[in-house]
Amino acid sequence: MSASQTSDVPTLLVKIFGKDRPGITAGLFDTLAAYSVDVVDIEQVVTRGRIVLCALVTKPVGSTEGDLRATVHSWAESLKLQAEILSGTGDNRPRGSGRSHVTVLGHPLTAESTAAIAAEITGAGGNIDRIFRLAKYPVTAVEFAVSGVETEPLRTALATAAAHIGVDIAVVSAGLHRRAQRLVVMDVDSTLIQDEVIELFAAHAGCEAEVAEVTERAMRGELDFEQSLHARVALLAGLDASVVDKVRAEVQLTPGARTLIRTLKRLGYQVGVVSGGFTQVTDDLRERLGLDFASANTLEIVDGKLTGKVTGEIVDRAGKARLLRRFAAEADVPLSQTVAIGDGANDLDMLNAAGLGVAFNAKPVVREAAHTAVNVPFLDAVLYLLGITREEIEAADLA
């Protein structure tokens, strides 16, 4: 029976709640089956062992509604459950246009922050249709299905409020595209890995302080990325090439990085990295992690020594966005279906070009400009933004 067919049909909302146990759902519908009613809608949730089961059914024909009510109440009482039956007409009112998924990450998620989120959604003109928990650890992640407001204004309203509320909030459009094949591209230093690769090389060259000073000048705006890259790499001149293997061994993946990539690959996603660091490390990461794409700067090595120069195309802020587009074209994935993850200002063009740009433990300027921010130290928390639950991740790992 279609929505238009049920709009003016008399219906009963049957609500059952109490201690959960096997067989409740089957028992309710066995009871209702005796009255030849049609099922219009079903909703069930179990929280801490307590079930709430709602069934919207057509009213029974003739004068048997009273019998149905009595029978359902008797059945419920026999199982020490409570029943509530409400008469009405038709189905739920149609959902408003403009539908979005709002994912909230809290560590912890407080009642105060949840109230603030709900108020922001209402203030933006949205209606919360459903709430679903995605994960309970290492962070609490919940998803709100929202209608009645377009995605972009809702995203703007919640992004502005997120920092004050003290949670991470992502807003994406609802629809089939959310389940389509995607491309995820991430930065490397302080995103995929916990380190800054140039600093690992500098430690072996004994020039950490000098490299740090150049980095500070770049952060103050005295040097652009390309200038600072050349200045820092020049300090590595004469370093033996054998240090590359040592640096590779020292690289530490960010917690959750393997889980993120493993899960994405199981879902058929393609995954890549772009880095202002060096191919000597990213190529190794590509092989170890099974990445589909990897691009970075290349340290020049001549006669077994680093020359203090880089070769090839420089991967800078604009270069990262350019590579995202290139990877998307090679993967045959629309740019709107890409996800970019990064932490620094040189990731901003890439984050803004992607369908979803995620600032991961990022600088304030990056958090403010990205579509959403994740401020917990677990890279696999990004999976929740895609609607993937912790249970699904763990079940896949056990399969």
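Residues numbered from 1 in each chain as written. Predicted model: local features only at pLDDT ≥ 70, side-chain atom pairs only at ≥ 80, totals over all residues. Heavy atoms only, no water.

**Structural notes on the overall build of the protein chain**
(1) Moving on: Along the protein chain, the regular secondary structure elements total 16 helices and 15 strands.
(2) Moving on: With the principal axes as the frame, the protein chain shows a C-alpha extent of 95 × 40 × 40 Å.
(3) Moving on: Taken across its 399 residues, the protein chain has 46% of its residues classed as buried.
(4) Moving on: Considering only residue pairs separated by 6 or more positions, the protein chain has 67% of its internal contacts joining residues 24 or more positions apart. (Helix = DSSP H or I, 4+ residues; strand = E, 2+ residues; numbered from the N terminus. Buried < 20%, exposed > 50% of the residue type's maximum accessible area, 1.4 Å probe, protein only. Contact = heavy atoms within 4.5 Å.)

**Considerations on the sheet that holds strand 8 (residues 168–173)**
(1) Moving on: Taken in spatial order, the 4 strands of this open sheet run 6-7-5-8, and their pairing is antiparallel. In this open sheet, the two strands that pair with only one neighbour each are strand 6 (127–135) and strand 8. Pairwise comparison of adjacent strand axes, ignoring direction, gives a mean angle of 20° for this sheet.
(2) Moving on: Bridging between strand 5 (residues 99–106) and strand 7 (residues 140–147) involves 8 bridges; their strand directions are antiparallel. (Pairing = 2+ DSSP bridges. Axes fitted to C-alpha atoms, helices over the stretch in contact; angles between N-to-C directions.)

**Some thoughts on the pattern of salt bridges**
Think of it this way: side chains of opposite charge can pair up when their charged atoms draw near.
(1) Moving on: Counting across every chain of the model gives 18 salt bridges.
(2) Moving on: The residue Lys-265 makes a salt bridge to Asp-292 at a minimum N-O spacing of 2.6 Å. A residue pair is termed long-range when its members are at least 10 positions apart, and Lys-265 in helix 10 (residues 257–266) and Asp-292 in the loop between helix 11 (279–289) and strand 11 (293–302) qualify at 27 residues.
(3) Moving on: Taking the relative accessible area as the measure of exposure, Lys-265 reaches 32% and is therefore partly exposed.
(4) Moving on: With relative accessibility at 22%, the residue Asp-292 sits in the partly exposed group.
(5) Moving on: Residues Asp-349 and Arg-317 are paired through a salt bridge, measuring 2.9 Å at the closest nitrogen-oxygen approach. With Asp-349 in helix 13 (residues 348–353) and Arg-317 in helix 12 (residues 317–331), the pair connects residues that are 32 residues apart, well separated along the chain.
(6) Moving on: Accessibility expressed as a relative area gives 35% for Arg-317, which makes it partly exposed.
(7) Moving on: A cluster of three or more residues bridged by salt bridges with shared partners is formed by Lys-59, Glu-65 and Arg-69. (Salt bridge = Lys/Arg side-chain N within 4 Å of Asp/Glu carboxyl O.)

**Observations regarding the side chain of Glu-143**
(1) Moving on: Position of Glu-143 relative to the elements: it lies in strand 7.
(2) Moving on: Here Glu-143 falls in the buried class, since its relative accessible area comes to 12%.
(3) Moving on: Here His-101 takes part through its side chain, which lies 3.3 Å from a polar atom of the side chain of Glu-143. (Polar contact = N/O pair within 3.5 Å; in protein donor to acceptor, adjacent residues only side chain to side chain.)

**So, the packing of helix 10 against helix 16 (residues 390–398)**
(1) Moving on: Packing of helix 10 against helix 16 brings their axes to within 11 Å, and their N-to-C directions diverge by 80°. In this view, helix 10 runs roughly perpendicular relative to helix 16, as classed from their interaxial angle. Contacts from Thr-259, Arg-262, Thr-263 and Arg-266 of helix 10 reach helix 16 at Ile-393, Ala-396 and Asp-397.
(2) Moving on: Among the residues forming the contact of helix 10 with helix 16, the class breakdown is 2 nonpolar, 2 polar and 3 charged. (Parallel < 35°, antiparallel > 145°, perpendicular 65-115°, else oblique. Nonpolar A, V, L, I, M, F, W, Y, C, P; charged D, E, K, R; others polar.)

**A closer look at the pairing of strand 14 (residues 356–360)**
(1) Moving on: Most of strand 14 sits inside the fold, with 5 of its 5 residues counted as buried.
(2) Moving on: Side chains Leu-356, Val-358 and Phe-360 of strand 14 all project onto a buried face; the interleaved residues Gly-357 and Ala-359 project onto the opposite face, where all are buried too.
(3) Moving on: In this fold, strand 14 hands off to helix 14 (residues 364–369), which returns the chain to strand 15 (residues 372–374); that crossover is right-handed. (Right-handed = clockwise from strand over helix to strand, strands pointing away.)

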